Amino acid sequence: MIEVGNIVTLENGLEYLLLEELEKEGHKYVYAVRVVEDDTPTDEFLIYEAITTGDEEYLKNVSDKALYDELIEDFKDIVSDKVINAELEDDDEDNEVEEA
């Protein structure tokens, strides 16, 4: 199943951990890192288009460089927002502890 947090095995036998997803212009894209033994992440990160045909789901490499570059920026924004929100939540929790 193509869902963030899952590890998928591609037809070539390589495994990827799905880190983040986004939808753009009606297409679903996922940002993934290749994993090796014991689900250890490598330094190989890729973006795939998630395609559903009937009951089948598969990942297709994003080969268009301009689109890939746009998606990289979009994924950076998503991750940046999550980091900022996590920091704000941590600050809110710290303030609640201090007020108690």
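In what follows, the structure referred to is the one given above.
Bear in mind that the values here come from a model prediction, so they are computed numbers and not experimental data.

Chemist: Before we go on, may I ask you to explain the overall build of the protein in this structure?
Modeler: Counting secondary structure elements, the protein contains one helix and five strands. Pairs at least 24 apart in sequence give 30% of the contacts found in the protein among residues at least 6 apart. Element-wise, carbon and sulfur atoms account for 46% of the exposed surface of the protein, whose accessible area totals about 7300 Å².

Chemist: Sorry if this is basic, but what is going on with the sheet that holds strand 1 (residues 7–9) here?
Modeler: Taken in spatial order, the five strands make up an open sheet running 1-2-3-4-5, and their pairing is antiparallel. The sheet terminates laterally at strand 1 and strand 5 (56–61), the two strands that pair on one side only. Each strand of the sheet is rotated relative to its neighbour by a mean of 45°, with strand direction disregarded. Pairing of strand 1 with strand 2 (residues 15–24) involves three bridges; the strand directions are antiparallel. Bridging across to strand 2, T9 finds its partner in E15.

Chemist: Explain the environment of D43 to me, please; I cannot follow it from the model alone.
Modeler: Relative to the assigned elements, D43 resides in strand 4 (residues 40–53). For the pair D43 and V33, spaced 10 residues apart in sequence, the C-alpha to C-alpha distance is 7.2 Å.

Chemist: Help me out: how do you make sense of the side chain of E20 in this one?
Modeler: Inspection of the secondary structure assignment puts E20 in strand 2. A polar contact is formed between the side chain of E20 and the side chain of K82, at a distance of 3.0 Å. Residues in contact with E20, not counting those within four places in the same chain, are V4, Y29, V30, Y31, F75, I78 and K82.

Chemist: How should the environment of E23 be read in this particular structure?
Modeler: Looking at where E23 falls in the secondary structure, it is placed in strand 2. With a relative accessible area of 64%, E23 lands in the exposed category. Residues E23 and D74 lie 51 residues apart in sequence; the distance between their C-alpha atoms is 10.0 Å.

Chemist: Would you mind showing me how to read the nonpolar core here?
Modeler: For soluble globular proteins, the rule of thumb is that nonpolar side chains tend to be buried together. Judged by nonpolar contacts, I2, V8, L10, Y16, L18, V30, A32, Y48, A50 and L59 together constitute the single largest core of 10 residues. For this core, the secondary structure elements donating two or more residues are strand 2, strand 3 (27–36) and strand 4. Core analysis: the second largest hydrophobic core is formed by six residues, I47, V62, L71 and F75 among them.

The rules behind the values
Residues numbered from 1 in each chain as written. Predicted model: local features only at pLDDT ≥ 70, side-chain atom pairs only at ≥ 80, totals over all residues. Heavy atoms only, no water. Helix = DSSP H or I, 4+ residues; strand = E, 2+ residues; numbered from the N terminus. Contact = heavy atoms within 4.5 Å. Areas by Shrake-Rupley, 256 points an atom, 1.4 Å probe, with all protein chains shown as cover. Pairing = 2+ DSSP bridges. Axes fitted to C-alpha atoms, helices over the stretch in contact; angles between N-to-C directions. Polar contact = N/O pair within 3.5 Å; in protein donor to acceptor, adjacent residues only side chain to side chain. Buried < 20%, exposed > 50% of the residue type's maximum accessible area, 1.4 Å probe, protein only. Core = buried A, V, L, I, M, F, W, Y, C linked by side-chain atoms within 4.5 Å.

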